[in-house]
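# Per-entry structural report
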Amino acid sequence: MINQKTVKLDLIDKKILTVLLGNSRINLTELSKIINHNYPTVRDRVGKLIDKGVITDFHPVVQFPGIGLRRYMSIYMTIKNVDIEKMQNLIKKLCENPFITQVLELEGKWNISLFLTTNFIREAYDTICWVQEVCGNNLADLIVMPTFTISNLNRKFFLDTKYEPNWKSMKTGYYPLFKKEGEIVHLGQPIKLTQEDFNILNYLKINGRDSLGEISEAIGIDHQTIDYKIKKYLQESLITYFTIEIDSEKIGYNKHLLFLNLGGSKEAKTKIIEDLKKIPEAYHYYEYLNYWELVITFCVKDQQHLKEIISNLQKKYSGSIKNHESMWIVKKHKNIHYPNVDLVYPKK
């Protein structure tokens, strides 16, 4: 169900969001030039998109292994025999765990989803045991899905007209250092980090657009060092780019999950992923080491449209899709992009 207080976007808003998705630290003066609108209008529009909750945060995209995250997995649960108050208390408790970076309330086969990120398998094991203890006798089902990859598809789901910024002309927000497709060095182990790095990365994950001066004042590190460190993270591919998170419900879209079992066919999975890139509503996907091999997030305005998308996929891949389930993301209760780095970075 869409929130009645839907924010209507015009073309200026959509252009701003498109640019910020690809470079959330861009200077507002340059942003104005890129979308060809005057500075006061762009400044005010960005402020309104934040104030109205359309943009929920600015953050860096970090390669998990680079900060010591080696285990990441989704946990899907069915909680039964609880009233609304008890469910909310349970969710609040789950949100407090520092290793759980995402807590979603669902409607469908499962009604709670967690995303768990740790360094060691022992931490993952202890956290899963803790989750079961917290849920107690109300836990009717729990399935753990080890994650192979998490990849974006079409994050510009709101863009209903053709628009592509002149990315090559961008100079601010560290954009020239962003790794383009094919340039990213995939990290297999943690890079060398100090307590200063922990403080910077922990701050950036929720305040990724703050100026160097604001970051310096908040964490007590001089702005020249912060500037040097951010450039270093980008050069080493620890950070690949800076982006924003958009609350899809605020602009009239619901998020749904589609679970697919493909009978282990890597060929079918590759073909489906390529097709998903052509579907504007396909937001991102998870590859799991599980019965459910592929889970796709869709942003759609109504359930009928989702049914049409699923039906088209089933028709095209009737011999490959062995089973499927769909679920509505009712509410996102917690969504941080990585845990505190000092929590997961390997100790000497």
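Fair warning: this is a prediction, and the values are worked out from it, not measured in the lab. (Residues numbered from 1 in each chain as written. Predicted model: local features only at pLDDT ≥ 70, side-chain atom pairs only at ≥ 80, totals over all residues. Heavy atoms only, no water.)

Quick look at the overall build of the chain now. Broken down by element type, the chain carries eleven helices and ten strands. The C-alpha radius of gyration computed for the chain amounts to 21 Å, which stays within 12% of the reference 20 Å derived for 348 residues, consistent with globular compactness. Projecting the C-alpha coordinates of the chain onto the three principal axes gives extents of approximately 50 × 50 × 45 Å. The burial tally for the chain puts 54% of its 348 residues in the buried class. Sequence separation of at least 24 residues holds for 79% of the intrachain contacts in the chain that already meet a minimum separation of 6. A total accessible area of about 17,100 Å² is found for the chain, and carbon and sulfur atoms account for 50% of it. Seen as two clouds, the 48 positive and the 40 negative side-chain charges of the chain have centres 3 Å apart. (Helix = DSSP H or I, 4+ residues; strand = E, 2+ residues; numbered from the N terminus. Rg over C-alpha atoms; globule rule 2.2 N^0.38 Å. Buried < 20%, exposed > 50% of the residue type's maximum accessible area, 1.4 Å probe, protein only. Contact = heavy atoms within 4.5 Å. Areas by Shrake-Rupley, 256 points an atom, 1.4 Å probe, with all protein chains shown as cover. Lys, Arg positive; Asp, Glu negative; His and termini not counted. Charge placed at Lys NZ, Arg CZ, Asp CG, Glu CD.)

Turning to helix α5 (residues 121-135), a few remarks are in order. The terminal C-alpha atoms of α5 lie 21 Å apart, and with 15 residues this matches the ideal 21 Å at 1.5 Å per residue to within 8%. Taken residue by residue, α5 has E123, A124, T127, I128, V131 and C135 as its buried positions. The buried residues of α5 occupy an angular sector of 130° when the element is viewed end-on, so they sit on one face. Turned more than 90 degrees away from the buried face of α5 sit R122 and E133, all of them exposed. (Expected span 1.5 Å × (residues − 1). Arc of directions from axis to C-beta.)

Our next topic: the pairing of strand β4 (residues 112-118). Summarising burial for β4: seven of the seven residues are buried, a large majority. Side chains I112, L114, L116 and T118 of β4 all project onto a buried face; the interleaved residues S113, F115 and T117 project onto the opposite face, where all are buried too. As paired strands, strand β2 (residues 71-79) and β4 are joined by seven bridges and run antiparallel to one another. Bridging from a neighbouring strand, M73 pairs with L116 of β4. Inspection of the sheet shows strand β3 (residues 100-107) paired to β4 by five bridges, in the antiparallel sense. Note that in β4 the partner of V103 across the bridge is L114. (Pairing = 2+ DSSP bridges.)

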